[in-house]
Each structure stands twice: as C-alpha cells, then as structure tokens.
Amino acid sequence: MGKTVGTLQLLIGCCKTTSESDRCQNDTDDRSKLPAPPPYQLKEYDDRSELPAPPPHELKLYGYKELAVATEYFSQDYLLGEGGFGQVYKATLDGEEVAIKKLKIIKLEKKLEESEFLTCVNHPNIVKMIGLCREGSNRVLVLEFVPNKTLTYHLHDEKNKILDWPTRMKIALQSANGLLYLHQGCKPKIIHRDMKVDNILLDNNFNAKVADFSLSNFLSDTDKVSHITSLFRGTNGYADPEYGNIQKISDKLDIYSFGVILLELITGRKPCSDYGDATIVKWAKSRIGQALYENDYTSLVDPRLKKYEELEMIRMIYCAAASLYKPSSFRPNIKQIIEVLDRKMLPEEIMDRNDIDGLLDGIPPNTQINMPKMYGFEELATATEFFSNAHLLGEGALGQVFKATLDGNDVVIKRLKRIRPENTLKEMKFLGVVRHPNLVKVIGYCSEGANRVLVSEFVPNRTLTYHLHGKPKVLHGYIKTNNILLDDNFEPKIADFGLYDFLPDRFFSTHISTGSILLRI
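Values in this document were obtained by computation on a predicted structure and should not be read as measured data.

Peer 1: For this particular structure, what's the right way to read the overall build of the protein?
Peer 2: Across its full length, the protein carries 15 helices and 21 strands. Within the protein, counting contacts between residues at least 6 apart in sequence, those at least 24 apart form 64% of the total. For the protein, the accessible surface area stands at approximately 28,600 Å², while carbon and sulfur atoms represent 52% of it.

Peer 1: Honestly, the packing of aromatic side chains in this entry has me stumped. Any pointers?
Peer 2: Pairs of aromatic rings are described using the distance from one ring centre to the other and the angle between the two planes. Inspection of every chain in the model, using the stated rule, returns 5 aromatic pairs. Taking 5.7 Å as the distance between ring centres and 35° as the angle between the ring planes, the aromatic pair formed by Y64 and F74 counts as tilted. Within this pair, whereas Y64 is found in helix α4 (residues 64-70), its partner F74 is found in the loop between α4 and β3 (79-83), the two being separated by 10 residues in sequence. Connected via pairs of aromatic rings, a cluster forms that spans Y64, F74 and Y89. Over the ring of Y153 we find K149, and its NZ or CZ is 4.2 Å from the ring centre.

Peer 1: So what exactly am I meant to see when it comes to the packing of helix α9 (residues 280-294) against helix α10 (residues 310-325) here?
Peer 2: To characterise two packed helices, one gives the angle between the axes of the helices and the distance between these axes. Running from amino to carboxyl end, α9 crosses α10 at an angle of 135°, the nearest separation of the two axes being 11 Å. The angle between α9 and α10 falls in the class oblique. In terms of crossing hand, the pair formed by α9 and α10 is left-handed. Each of V281, A284, K285, I288 and L292 in α9 lies in contact with α10, whose residues at this interface are I314, I317, Y318, A321, L324 and Y325. Its residues assigned to classes, the contact of α9 with α10 comprises 10 nonpolar, no polar and 1 charged.

Peer 1: Help me understand the sheet that holds strand β15 (residues 399-406) in this model?
Peer 2: Hydrogen bonds along the backbone pair up the strands of a sheet, which may run parallel or antiparallel. Spatially, 6 strands are ordered β13-β18-β19-β16-β15-β14 in an open sheet, and the strand pairing comes out mixed. Edge positions in the open sheet fall to β13 (373-374) and β14 (392-396), since each of these has one partner strand only. Pairing between strand β18 (residues 442-448) and strand β19 (residues 451-457): 6 bridges, direction antiparallel. Following the sheet pairing, E448 is matched in β19 by N451.

Peer 1: Explain the pairing of β15 here, please?
Peer 2: On any regular strand, side chains alternate: one points to one face of the sheet, the next to the other face. Bridging between β14 and β15 involves 4 bridges; their strand directions are antiparallel. Bridge pairing links G394 to V401 in β15. Here β14 folds back onto β15 in antiparallel fashion, the turn holding 2 residues. Of the pairings in the sheet, the one linking β15 to strand β16 (residues 409-416) comprises 8 bridges and is antiparallel in character. Across the sheet, the residue bridging to K403 is V412, located in β16.

Peer 1: Just to check I follow, could you spell out the pattern of salt bridges for this structure?
Peer 2: For side chains of opposite charge, pairing can occur when their charged atoms come near one another. Following the criterion strictly, the structure yields 14 salt bridges and no others. Between K189 and D251 there is a salt bridge, and its shortest N-O distance comes to 3.6 Å. Note that K189 is positioned in strand β8 (residues 189-190) and D251 in the loop between β11 (218-219) and α8 (252-267), a separation of 62 residues in sequence. A relative accessible area of 16% means that D251 is categorised as buried. It is possible to trace a salt-bridge network through shared partners that takes in R168, D302 and R304.

Peer 1: So what exactly am I meant to see when it comes to α9 here?
Peer 2: Residues spaced three or four apart along an α-helix point in a common direction, a consequence of the helix completing one turn every 3.6 residues. Here α9 contains 15 residues, and its C-alpha end-to-end distance of 21 Å stays within 8% of the 21 Å for a straight helix at 1.5 Å per residue. The largest bend along α9 reaches roughly 30° and is located at S286. Listing the buried residues of α9 in full gives I280, V281, W283, A284, S286, I288, G289, A291, L292 and Y293. After α9 finishes, the residue N295 shows a positive phi value of roughly 55°.

Peer 1: What is the right way to look at a nonpolar patch on the surface in this model?
Peer 2: A contiguous nonpolar patch, built from I479, I484, L486, F490 and I494 and spanning about 510 Å² of accessible area, is present on the exposed surface. Among the residues examined, I479 registers a relative accessible area of 42% and is labelled partly exposed.

Peer 1: Would you mind going over helix α11 (residues 334-341) with me for this structure?
Peer 2: Summarising burial for α11: 8 of the 8 residues are buried, a large majority. For α11, the capping residue at the N-terminal end is N333, with a side-chain oxygen 3.1 Å from the backbone nitrogen of K335. At the C-terminal side of α11, R343 shows a positive phi close to 65°.

Peer 1: Teacher, can you tell me more about the nonpolar core here?
Peer 2: As a rule of thumb, nonpolar side chains are buried together in soluble globular proteins. In terms of nonpolar packing, the biggest core is built from 66 residues, with L151, F258, I261, I288, M316 and Y325 touching the most fellow members. Within the residue set of this core, elements represented by two or more residues are α6 (151-156), α7 (165-185), β9 (200-202), β10 (208-210), α8, α9, α10 and α11. The element contributing the most residues to this core is α10, with 11 residues. Those residues within four positions of L151 in sequence are excluded, and the remaining contacts are L163, I171, V197, I200, L202, I261 and L265. Formed by 14 residues, the second largest nonpolar core is a distinct cluster that contains A381, F387, A404 and L406.

Peer 1: Any chance you could explain the environment of G268 here in plain terms?
Peer 2: You can see G268 is positioned in the loop between α8 and α9. In sequence terms G268 and L300 are 32 residues apart; their C-alpha atoms lie 9.4 Å from each other.

Peer 1: What's the story with the confidence of the model for the protein in this structure? I'm lost.
Peer 2: Residues shown with low pLDDT carry predicted positions that ought not to be read at fine detail. Averaged over all residues, the pLDDT of the protein is 75; the fraction at 70 or higher stands at 67%. Contacts from residues 1-54, a stretch scored under 50 in pLDDT, to residues over four places away or in other chains number 97 contacts. Counting interchain partners and residues more than four positions distant, the pLDDT-below-50 stretch residues 108-114 has 11 contacts.

Peer 1: In this structure, what is going on with the packing of α8 against α10? I would like to understand it.
Peer 2: Where α8 meets α10, the axes come as close as 8 Å, and the angle between the chain directions of the two elements is 145°. With respect to the hand of their crossing, α8 and α10 are arranged in left-handed fashion. Counting all contacts with α8, which are made through I255, Y256, G259, V260, L262, L263, L265 and I266, the residues of α10 involved are M313, M316, I317, C319, A320, S323, L324 and Y325. Tallied by class, the residues present in the contact of α8 with α10 amount to 14 nonpolar, 2 polar and no charged.

Thresholds applied
- Residues numbered from 1 in each chain as written.
- Predicted model: local features only at pLDDT ≥ 70, side-chain atom pairs only at ≥ 80, totals over all residues.
- Heavy atoms only, no water.
- Helix = DSSP H or I, 4+ residues; strand = E, 2+ residues; numbered from the N terminus.
- Contact = heavy atoms within 4.5 Å.
- Areas by Shrake-Rupley, 256 points an atom, 1.4 Å probe, with all protein chains shown as cover.
- Phe/Tyr/Trp six-rings, centres within 6.5 Å; stacked < 30°, edge-to-face > 60°.
- Lys NZ or Arg CZ within 6 Å of the ring centre and 35° of its normal.
- Axes fitted to C-alpha atoms, helices over the stretch in contact; angles between N-to-C directions.
- Parallel < 35°, antiparallel > 145°, perpendicular 65-115°, else oblique.
- Left-handed = near helix turned anticlockwise from the far one by under 90°.
- Nonpolar A, V, L, I, M, F, W, Y, C, P; charged D, E, K, R; others polar.
- Pairing = 2+ DSSP bridges.
- Salt bridge = Lys/Arg side-chain N within 4 Å of Asp/Glu carboxyl O.
- Buried < 20%, exposed > 50% of the residue type's maximum accessible area, 1.4 Å probe, protein only.
- Expected span 1.5 Å × (residues − 1).
- Bend = angle between axes of the 7 residues up to and from the residue.
- Patch = residues over 30% accessible without salt bridge, like charges linked within 9 Å, V, L, I, M, F, W, Y side chains within 5 Å.
- Polar contact = N/O pair within 3.5 Å; in protein donor to acceptor, adjacent residues only side chain to side chain.
- Core = buried A, V, L, I, M, F, W, Y, C linked by side-chain atoms within 4.5 Å.
- pLDDT = per-residue confidence, 0-100.

Below you can see the structure in the form of structure tokens.
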C-alpha cells in the first residue's frame, strides 16, 4: 500500500490559515471597522463566508501500479472527465471514494514539482489532496471525491433543478473564500489562472470547492515575474483581455475570471454562446448600467430565478462589474469582493456610480448621469401659450422648437412629430440621462398619449451657423425687372421684397409651400 510522506513542516512553512490572513488585513484596513449589519441579515451566510482552515494533514505516497489497479488500469469506465493537463478517474482507496488525476507530461520552465505545490494547500473550500504518485515520469494526484458534480452541471444543464438564489450566493462566497486562501493564505501565493464554473465542485449540500489549480505556479515575488506562456492563458471566455500570448502574472487574472463566474450566477448564461454570439461580458455590459440606473433587473437577471434578494443581487452585480470592466490595476482584490458580498463593505467602494453608469452604450465613462424629469403635456402647453408662434424659435424635420419658462428657468421645448411613437419614449429617457458640459442638457420629457415632447436647456447665443455665416438670409420670392429700380446714376435697387418671409436660423427648413412661388413669366 502507500507510504506516508511527512509534510507537516512544509505545510507550516507554506501556508497561513485564513483567519491569520484576515487578522493581518484587519490591522491595516480601516474598512474592516465598518459597522456590521444587523444579525438577521447575515444569519444565512455567517457560517459559510469565512470558514477556518483545517489542521495540516499528511499526504500519502502511492505506487503507480496501485492506482492503476484501483481504476482497472485507467479504464474509460472510471473516467470522470478530461482537461488540458490530464484525465480524472473515480476509484476507491482505503475504503473511501477518491478522484485520481493522471497528469500529462508538460515541460514547464523553472517550475517546481506539482505535487510539492499541492502539499501547501489545505482549506474547506479547496479540493483536498489526499496523496500522490511520482514514479519515474508518472505524476498522479489522489484527491477527495466531491460527489455533486460541477457548478456548470447545475447552472447550465436545463434538465436539472434551477439553482435558487441563496444557493448561488453561498457558492459565490465559498468559491471566493477558496480563492482568498490561494491568494493570501499561502506563502508564496498561488494564482489559479483557470477559474471557471467547471472548476467549482459541489458536495451534496452544495458547498463549493475550488479545483484544478494544481498547475498554477507559486509566486515568490510577483513583481519579478514578467510573463507566462499562452499555455496558461486560461479558458476562452474567462481569459483577461488585457493579456495576450505573453502576459504578466497577477492575481487580477483570477479576479477577472471570477467576475465571469459571478455573471453566470447572475444571468444563468454561459460565458460563450453556443451560437457564436457575443460573450457574456460584452452582452452584460450595457445591461448592468441600465439595470442599476433604472432599478430594473429584468433584462439582466436569469429569467428562471423567480425570487431573489435585491440588495444581494445589487452587490453581486457591483462585484462582477468591478472585476470585469475596470482596468486590471483598479480591480478589487478577492478580500474586497468577499466583504462586499458579505455586506461588510459598501459596493461603491469598489466601483462608484459613475463607473457603473458609464457602461451604458455610447456614453463615455466620465459622463455624469442624472434622472430626467417627466412633465405633463398641459404644463408644457401652458408654458408656451399653447404652442403659440410667439414662442416659436424654429422648425425642423422632427418637430417645432419653442422658448418657455419652467421652474423659473428659460428652457427650450421641442414638440416632436409623430415618428415611431412606440420607440421615442425609450429614446427620450435615454437622452435624459446624459450630462456633459459640451452637450445640450435634456431636462425632461413628456409622453402622454401620442404626444412626445423634450425639454432642454436654453442656449441664448444662437447657433455656430449664425456667427459663421451671418444673419438669416431673405428670399425675395418675386424677383423680376419691374422690381429692380434705378437711380439717376443707373445704380440698381431691388424692391418689393417686404411681403416675403424672413427665414430665421431654424433647425432644418426642408420645404416651402407652392403658394410662395408667385413669379410668372
């Protein structure tokens, strides 16, 4: 049978417990002094989000033949799955069900033995390593068997029961705590580099365990590590777009991938569509901004979720957005994400409101967003004396523009023609959110029946056209020799233009009526 490998000294040297890591953080992090929420708010998650590390355990050294026999010589009948680095088999050893991972041979520059990496890892939210084999060129890991398959299976297989919101929240917190242990609980830190829902395993109580980090390097000094090969770039859909074939190592790689996992928990969508559509990250970007701006999550949240805690949903959305849409140097670390999810930190501390609103399509990130006011049609009609020509500034292809006073301020009221009335309400609300010093500010709107009216700021000094090209032109409309008068020196003077319209500087004059064409030849 197997031989016992003493690893106690190595374990003590390699790892701190999560509680020790948290204690170090609390000494320097003022945010940890934030008042705790009422007890009932956290009751459901108190025993899940900060699980203590178990005591160190000894690893068992197995013979290759023993593991081959346990799997009937690595028979396909025992195969659980296969990844880029090897096959995983189910077997029974020492009376317990285990997972046996048979590694492929992969040449890695300056890489320690993988088995030595895993001796340092011991946490309830990390798949436990029981033993290993390292005979000749064979590298085989013996891991705990986690019976309830992967998060992928429960989240994306339509034949399964829908994961309810408390379970999704629990999985998010526990997975984050496993990642926290890798990033801050082990010395030197471990970067997973392949975080995805396939690598989050669930037990029968839906407790989460992070798996398959075993080929990640320990980083003694991340500042001195300048690149990794594309072999470790991660799975498509989870890979940080800031990194290419040669990429700098950072724990922010895992933060980006974890943000994708959070989006999957929020939306129920896969990271990449089966039909080649946009990735979940691109699909969700504007929807996150709209959801938080309008306080309506219908277009973002998994439609199969009939009930969820809205404040928890908002916190998870903030965590996902901060992980995915901020530059890597400004992304939160995993401890901050846990504190936001666990209601110990305000979500605005990792991503402020302007950052979120900047995710709306077509709006620059630093543009200020505000709520437009809704006016009644009668109020706007009264302000313009029932859209009197005395208040008319101009007319364009889309409608008439009037000057009026509302709430003590001069404003412009644009009464739109009936163009796609089913769409104009949404467009007007969208225009109303934009604030920038070089854009005419839309103050409010009216949508009553078929009436569509925009209220915007009044800009007093006319248009650039007026100042570049002079005052509005006058069309004579009746030029003929009878209207050209001559003085004694035969200097011509054009007459009879007084009965024709001045055309002020209006938006777009597209036509004049045939009644204005009076000239007869």
